[in-house]
Amino acid sequence: MNIVVVTKLVPDLVEELAIDESGTGLDTTYLRLIVNELDNHATEQAILLKESVGGQVTVIAPDLEGVDDVLFTAAAKGADRLIKLTGDLQSASNYALSQTLAAIVPELKPDLVLTGVQANNDLDGAVGPRLAAQLGMAYVGYVSGVAASGDKVTVRKEYAGGLIARMQVKLPAVLGIQAAEKPPRYVPISKVRQMSK
């Protein structure tokens, strides 16, 4: 199975955040970026699928400060290929990001594209559904488990109020991951640094 994972870098909410001079955004001068938590779950789910059915995992991330740590951590967990999106992506909207991805992802010939269901810096969750629409693929969001069999995946979808549904989706498809079946693996920084050499 060929799996592509789309990740975003978001402000580290543990850090002190400051508003810029315009009053409409964050001051990025000293802003520390980290991988979006739900995208980290998407990467973990991709690795779990690779371990259960085989295949290849490609992780894509925008070339922002901190991207090397994000990509090398994905490699340390088991990702096979790492792609840095270049260009002016610091203030790119989800619409612009999904358009950029729609131009790149088809070349990778994925069976499955995984994204986090939303990011903590916008909470609109638009990348996955927009990307699916632009690629002409099915989309299911709020997924908390995936099992692959042949040309289909069975997903565990969460609804408000604790309702759970199991759905079968024909591949290729895009899934918005709410949570991986297992928590994301911790990778020691020493291992990440070894990957970067």
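Note that this is a predicted model, so its numbers are computed, not measured.

1. Quick look at the overall build of the protein chain
Of regular secondary structure, the protein chain possesses 5 helices and 10 strands. Over its C-alpha trace the protein chain gives a radius of gyration of 16 Å, about what one expects of a compact globule, namely 16 Å for 197 residues. Taken along the three principal axes of its C-alpha coordinates, the protein chain extends 50 × 40 × 35 Å. Buried positions account for 43% of the 197 residues belonging to the protein chain. When the accessible area of the protein chain is evaluated, it comes to approximately 10,200 Å², of which 50% is carbon and sulfur surface. Here the protein chain contributes 18 positive and 23 negative side-chain charges, whose respective centroids are spaced 11 Å apart.

2. Focus on helix H2 (residues 67-77)
Given 3.6 residues per turn, any residue in an α-helix points the same way as the ones three and four places further on. Where H2 is concerned, the buried positions are Val 67, Val 70, Leu 71, Ala 74, Ala 75, Ala 76 and Lys 77. Count one or two residues on from H2 and you reach Gly 78, which has phi positive near 135 degrees.

3. What to know about the nonpolar core
Across soluble globular proteins, you tend to see nonpolar side chains buried next to one another. Counting 47 residues, the largest nonpolar core has Leu 101, Leu 112, Leu 114 and Leu 175 as the members making the most contacts within it. Sorting elements by how many residues they give to this core places helix H3 (residues 94-108) first, with 5 residues. Among residues more than four places away in sequence, those in contact with Leu 112 are Met 1, Asn 2, Ile 3, Val 4, Leu 49, Val 153, Leu 171, Ala 173 and Leu 175.

4. Quick notes on H3
Taking 1.5 Å of rise per residue, 15 residues should cover 21 Å, and H3 covers 21 Å from first to last C-alpha, within 8% of that figure. Along its length, H3 reaches its greatest deviation from straightness, about 30 degrees, at Ala 102, and the proline Pro 106 lies no more than four positions downstream. Along H3, the residues that are buried comprise Asn 94, Leu 97, Ser 98, Leu 101, Ala 102, Val 105 and Leu 108. The secondary structure elements touched by the buried residues of H3 are strand E1 (2-6), strand E4 (56-62), strand E5 (81-85), strand E6 (112-116) and helix H4 (127-135).

5. Structural notes on a nonpolar patch on the surface
Taken together, Leu 13, Leu 17, Ile 19 and Leu 26 make up a surface patch of nonpolar side chains, about 350 Å² in accessible area. You can see Ile 19 is positioned in the loop between strand E2 (9-11) and strand E3 (33-35). When its relative accessible area of 57% is taken as the criterion, Ile 19 is described as exposed.

Conventions adopted
- Residues numbered from 1 in each chain as written.
- Predicted model: local features only at pLDDT ≥ 70, side-chain atom pairs only at ≥ 80, totals over all residues.
- Heavy atoms only, no water.
- Helix = DSSP H or I, 4+ residues; strand = E, 2+ residues; numbered from the N terminus.
- Rg over C-alpha atoms; globule rule 2.2 N^0.38 Å.
- Buried < 20%, exposed > 50% of the residue type's maximum accessible area, 1.4 Å probe, protein only.
- Areas by Shrake-Rupley, 256 points an atom, 1.4 Å probe, with all protein chains shown as cover.
- Lys, Arg positive; Asp, Glu negative; His and termini not counted.
- Charge placed at Lys NZ, Arg CZ, Asp CG, Glu CD.
- Core = buried A, V, L, I, M, F, W, Y, C linked by side-chain atoms within 4.5 Å.
- Contact = heavy atoms within 4.5 Å.
- Expected span 1.5 Å × (residues − 1).
- Bend = angle between axes of the 7 residues up to and from the residue.
- Patch = residues over 30% accessible without salt bridge, like charges linked within 9 Å, V, L, I, M, F, W, Y side chains within 5 Å.
- Salt bridge = Lys/Arg side-chain N within 4 Å of Asp/Glu carboxyl O.

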